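Architecture and fold: a report
Listed below are the residues making up each chain.
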Amino acid sequence: DVQMTQSPSSLSASVGDRVTISCRASQNINYYLNWYRQRPGAAPELLIYGASTLHSGVPSRFSGSGSGADFALTISSLQPEDFGTYYCQQTYSDITFGGGTKVEVK
Amino acid sequence: QVRLVQSGAEVKKPGASVKVSCKASGYIFSAHFMYWVRQAPGQGLEWMGWINPDNNGSNYAQKFKGRVTLTMDTSSNTAFMELSRLTSGDTAVYYCARQSVVDMATFLLDFWGLGTLVTVSS
């Protein structure tokens, strides 16, 4: 099984901050990596697929990078609706999710 | 527009089974795999399995093999997830999610149901 490790597990930030979340796979997964945001009490929402492609309707403040085993999600200017938990997901072999990164108000 | 409407919350006793439904609308049901993902209270996302509405094929995460069954009713565009031999550890929100495919291994879960809370308690 491909294991996914996210860091940090939580972070505190303010509106307008630049935020970066990391995700590491236990093996090379090429670019088969997606990112989701889950707001409190809501279902996950797709943000980025294929490591760096913005899903339709997702604001351009979100960006993804990386390939192989190391990936990152960056929010260029955090907005109030961005507080929540972020998950990476690999689709190289079945699917597995990272443990999540909770973005909290500073 | 694409919608996935899930059945309501359930309370079950240990050892029982639960069956959750997910009614799809707004797209061609047979054209997209349906995934099931669960989330225990305060925990992360856990993939359970998928079903292919086009040919009834399915695949289950190793952890759930033998305990989970995914089915569908193409006449009503509804997918079902049945989990048996419930324990308190199965208390979670269960989500259905539609898969879309970009290329051979680039696929994504682009629409999600709101989730169904299953509580297992004696």
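This is a predicted model, so every value here is computed, not measured. (Residues numbered from 1 in each chain as written. Chains lettered and ligands numbered in written order. Predicted model: local features only at pLDDT ≥ 70, side-chain atom pairs only at ≥ 80, totals over all residues. Heavy atoms only, no water.)

By definition, the strands of a sheet pair up through backbone hydrogen bonds, in either a parallel or an antiparallel sense. Residues and elements named next belong to chain A. Taken together, 4 strands build an open sheet; the order of strands is β1-β3-β8-β7 and the sheet is antiparallel. Each having just a single partner strand, β1 (4–7) and β7 (62–67) make up the two edges of the open sheet. On average, adjacent strands in this sheet sit at an angle of 20° to one another, irrespective of strand direction. Examined bridge by bridge, β1 and strand β3 (residues 19–25) share 4 bridges and lie antiparallel to one another. Note on β3: the bridge partner recorded for Ser7 is Ser22. (Pairing = 2+ DSSP bridges. Helix = DSSP H or I, 4+ residues; strand = E, 2+ residues; numbered from the N terminus. Axes fitted to C-alpha atoms, helices over the stretch in contact; angles between N-to-C directions.)

Let us now look at the interface of chain A and chain B. Counting residues at the interface gives 18 residues for chain A, matched by 20 residues for chain B. When the two sides are added together, the surface that chain A and chain B hide from each other amounts to roughly 1600 Å², 64% of it contributed by carbon and sulfur. Among the residues chain A hides against chain B, the three largest losses belong to Pro44(A), Ile95(A) and Phe97(A). Together they make up 30% of the total. Counting the contacts that link chain A with chain B gives 7 residue pairs in polar contact (both at pLDDT 80 or more). Those elements that provide at least two residues to the side of chain A that touches chain B are β4 (33–38), β5 (45–49) and β9 (84–90) of chain A. Residue composition of the side of chain A that touches chain B, grouped by class: 11 nonpolar, 6 polar and 1 charged. (Contact = heavy atoms within 4.5 Å. Buried area = accessible area lost by both parts, 1.4 Å probe. Polar contact = N/O pair within 3.5 Å; in protein donor to acceptor, adjacent residues only side chain to side chain. Nonpolar A, V, L, I, M, F, W, Y, C, P; charged D, E, K, R; others polar.)

Attention shifts here to the pairing of strand β9 (residues 92–101) of chain B. Residue and element names in this part refer to chain B. Counting buried positions along β9 yields 8 of 10 residues, so the element is predominantly enclosed. Sheet analysis places strand β4 (residues 34–39) next to β9, joined by 6 bridges and oriented antiparallel. Residue pairing across strands places Gln39 opposite Val93, the latter belonging to β9. Of the pairings in the sheet, the one linking β9 to strand β11 (residues 116–120) comprises 3 bridges and is antiparallel in character. Bridge pairing links Ala92 to Val118 in β11. (Buried < 20%, exposed > 50% of the residue type's maximum accessible area, 1.4 Å probe, protein only.)

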